[in-house]
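# Notes for the structure review
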Amino acid sequence: MNPNQAALARKQLERRVAPLRDLNVVAPPRGWMKAIREALGMSTRQLAARMKAAPSRVPAIEKAEVSGATTIRTLREAAAAMNCTFVYAFVPTKPLDEILRDRAAQKAGRDIIRLDHTMRLENQALLKSDLDEERRRIIDVILSGSPRRLWDD
């Protein structure tokens, strides 16, 4: 994917996830499955029948959801049996372009530290304003290339 296509894809993805970032969704302490099942007044036996599963399976799934040991497929099946839609998403904590810029700034910062150290050893220390300008230039160069390079340490 060329850089322009990647930027466009990133922008489209950002539009989809941005509204989710503002939601403060906190899972119920006993899990979503149990909370919804109980709110619907559905017993574990009734849910098991709707899922075409053994009655003992529902409490096991509910416990596994809370501990994080269940599968997406199982949760999707349980949600469907309760007339719900299972939603699964990775929600970036901040805009994707900001994450990329922050990572580029980290990498540029390391480059600037090495550059400054070398210049000081040669008794050619740069002014802070020169270092800041070089840092911005390095960030722009990094961001103009492939984002895959950002994640190499």
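The structure displayed is predicted, hence computed values, not measured ones. (Residues numbered from 1 in each chain as written. Predicted model: local features only at pLDDT ≥ 70, side-chain atom pairs only at ≥ 80, totals over all residues. Heavy atoms only, no water.)

### Comments concerning the packing of helix α1 (residues 3-21) against helix α6 (residues 96-121)
One can describe the packing of α1 onto α6 by two numbers: an axis separation of 9 Å at closest approach and a directional angle of 125 degrees. Judged by the inter-axis angle, α1 sits oblique to α6. When α1 is examined against α6, the residues Arg10, Leu13 and Glu14 are found in contact with a partner set consisting of Leu96, Asp97 and Leu100. The residue inventory of the contact of α1 with α6, partitioned by class, reads three nonpolar, no polar and three charged. (Axes fitted to C-alpha atoms, helices over the stretch in contact; angles between N-to-C directions. Helix = DSSP H or I, 4+ residues; strand = E, 2+ residues; numbered from the N terminus. Parallel < 35°, antiparallel > 145°, perpendicular 65-115°, else oblique. Contact = heavy atoms within 4.5 Å. Nonpolar A, V, L, I, M, F, W, Y, C, P; charged D, E, K, R; others polar.)

### Some remarks on the side chain of Lys107
Checked against the element boundaries, Lys107 lands in helix α6. At 5.9 Å, Asp153 is the nearest oppositely charged side chain to Lys107, a buried residue that forms no salt bridge. Beyond its immediate sequence surroundings of up to four residues, Lys107 is in contact with Ile142, Arg149, Leu150 and Asp152. (Buried < 20%, exposed > 50% of the residue type's maximum accessible area, 1.4 Å probe, protein only. Lys, Arg positive; Asp, Glu negative; His and termini not counted. Salt bridge = Lys/Arg side-chain N within 4 Å of Asp/Glu carboxyl O.)

### Re a nonpolar patch on the surface
Taken together, the side chains of Leu20, Leu23, Val25, Trp32 and Val91 present a nonpolar region at the surface, about 450 Å² in accessible area. Residue position: Val91 is located in the loop between α5 (72-81) and α6. The exposure class of Val91 is partly exposed, given its relative accessible area of 35%. (Patch = residues over 30% accessible without salt bridge, like charges linked within 9 Å, V, L, I, M, F, W, Y side chains within 5 Å. Areas by Shrake-Rupley, 256 points an atom, 1.4 Å probe, with all protein chains shown as cover.)

### A few points about the pattern of salt bridges
According to the stated counting rule, one finds 11 salt bridges in the structure shown. With a shortest N-O distance of 2.8 Å, Arg21 and Glu14 are connected by a salt bridge. Look at Arg21 and you get partly exposed, because its relative accessible area is 21%. Asp111 serves as the salt-bridge partner of Arg114, at 2.5 Å between the closest nitrogen and oxygen. Pair noted here: Arg114 and Asp111 are both in helix α6, with a separation of three residues, about one helical turn. What makes Asp111 partly exposed here is its relative accessible area of 28%.

### Looking at the packing of α6 against helix α7 (residues 128-144)
Contact pair α6 / α7: the axes reach a minimum separation of 8 Å and the direction vectors enclose 130 degrees. What the angle tells us is that α6 and α7 run oblique. When you trace α6 past α7, the crossing you get is right-handed. Counting all contacts with α6, which are made through Leu100, Arg101, Ala104, Ala105, Lys107, Ala108, Gly109, Asp111, Ile112, Leu115 and Asp116, the residues of α7 involved are Leu131, Glu134, Arg135, Ile138, Ile139, Asp140, Ile142 and Leu143. (Left-handed = near helix turned anticlockwise from the far one by under 90°.)

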